[in-house]
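Residues per chain are reported as follows:
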Amino acid sequence: TLLVTLPGTWPGGPYDLASDIDGNFYALKTTTPQSLDMYDFTGAPLISYNMTGMPSSAFGGGFVIDGSRVYALTGA
């Protein structure tokens with residue numbers, strides 16, 4: 001599944017992606033407004049969650065979803 005076509009300018013992203021056992025994938029956006037977007041295995045958007053409490057960062061980092069909690073480490 002093609003995720004993005006980068007325009008050749010920095011920052012392009014996405015930097016933080018994860019998947020689940022069903023083939024869905026998640027993209028974390030750490031710049032304001034922060035969000036966690038869920039897509040199905042074909043790339044169709046399913047849901048977008050508003051995120052709070054993370055330092056704003058354009059450098060990504062990493063994240064994990066554990067049950068109903070999201071843990072994130074953002075770049076500086």
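Scroll up a little and you will see the structure.
Residues numbered from 1 in each chain as written. Predicted model: local features only at pLDDT ≥ 70, side-chain atom pairs only at ≥ 80, totals over all residues. Heavy atoms only, no water.

As a further point, take the overall build of the chain. On a plain count of helices and strands, the chain comes out with 0 helices and 6 strands. Going residue by residue from the N terminus, the α and β elements of the chain occur as β-β-β-β-β-β. The buried share of the chain, reckoned over its 76 residues, is 26%. (Helix = DSSP H or I, 4+ residues; strand = E, 2+ residues; numbered from the N terminus. Buried < 20%, exposed > 50% of the residue type's maximum accessible area, 1.4 Å probe, protein only.)

Within this structure, the stated rule accounts for 1 aromatic pair. Centre to centre, the rings of Phe-25 and Tyr-39 are 5.2 Å apart; their planes meet at 20°, and the pair counts as stacked. Placement of the pair is Phe-25 in strand 2 (residues 25–29) and Tyr-39 in strand 3 (residues 35–39), with a sequence separation of 14 residues. (Phe/Tyr/Trp six-rings, centres within 6.5 Å; stacked < 30°, edge-to-face > 60°.)

A few words on the environment of Val-64. Here Val-64 lies in strand 5 (residues 61–66). The class for Val-64 is partly exposed, based on a relative accessible area of 44%. With 47 residues separating them in the primary sequence, Val-64 and Leu-17 have C-alpha atoms 9.3 Å apart.

Here we take up the side chain of Asp-37. Inspection of the secondary structure puts Asp-37 in strand 3. One buried charged residue, Asp-37, forms no salt bridge at all, with the nearest opposite charge on Lys-29 at 7.8 Å. Setting aside its immediate chain neighbours within four residues, Asp-37 contacts Phe-25, Tyr-26, Ala-27, Ile-47 and Ser-48. (Lys, Arg positive; Asp, Glu negative; His and termini not counted. Salt bridge = Lys/Arg side-chain N within 4 Å of Asp/Glu carboxyl O. Contact = heavy atoms within 4.5 Å.)

For the rest of this paragraph, the subject is a nonpolar patch on the surface. A cluster of nonpolar side chains, namely Leu-46, Ile-47 and Tyr-49, defines an oily patch on the protein surface of about 270 Å² accessible area. Summarising the element assignment, Leu-46 is placed in strand 4 (residues 45–50). Judged by relative accessible area, Leu-46 falls into the partly exposed class, the value being 45%. (Patch = residues over 30% accessible without salt bridge, like charges linked within 9 Å, V, L, I, M, F, W, Y side chains within 5 Å. Areas by Shrake-Rupley, 256 points an atom, 1.4 Å probe, with all protein chains shown as cover.)

This brings us to the sheet that holds strand 3. Pairing is antiparallel in the open sheet, where 4 strands are placed in the order 1-2-3-4. At either end of the open sheet lies a strand with only one pairing partner, and these are strand 1 (16–19) and strand 4. Across the sheet, the mean angle separating the axes of adjacent strands is 20° when strand polarity is ignored. In this structure, strand 3 lies alongside strand 4, joined through 5 bridges in antiparallel fashion. By the bridge assignment, Ser-35 is partnered in strand 4 with Asn-50. (Pairing = 2+ DSSP bridges. Axes fitted to C-alpha atoms, helices over the stretch in contact; angles between N-to-C directions.)

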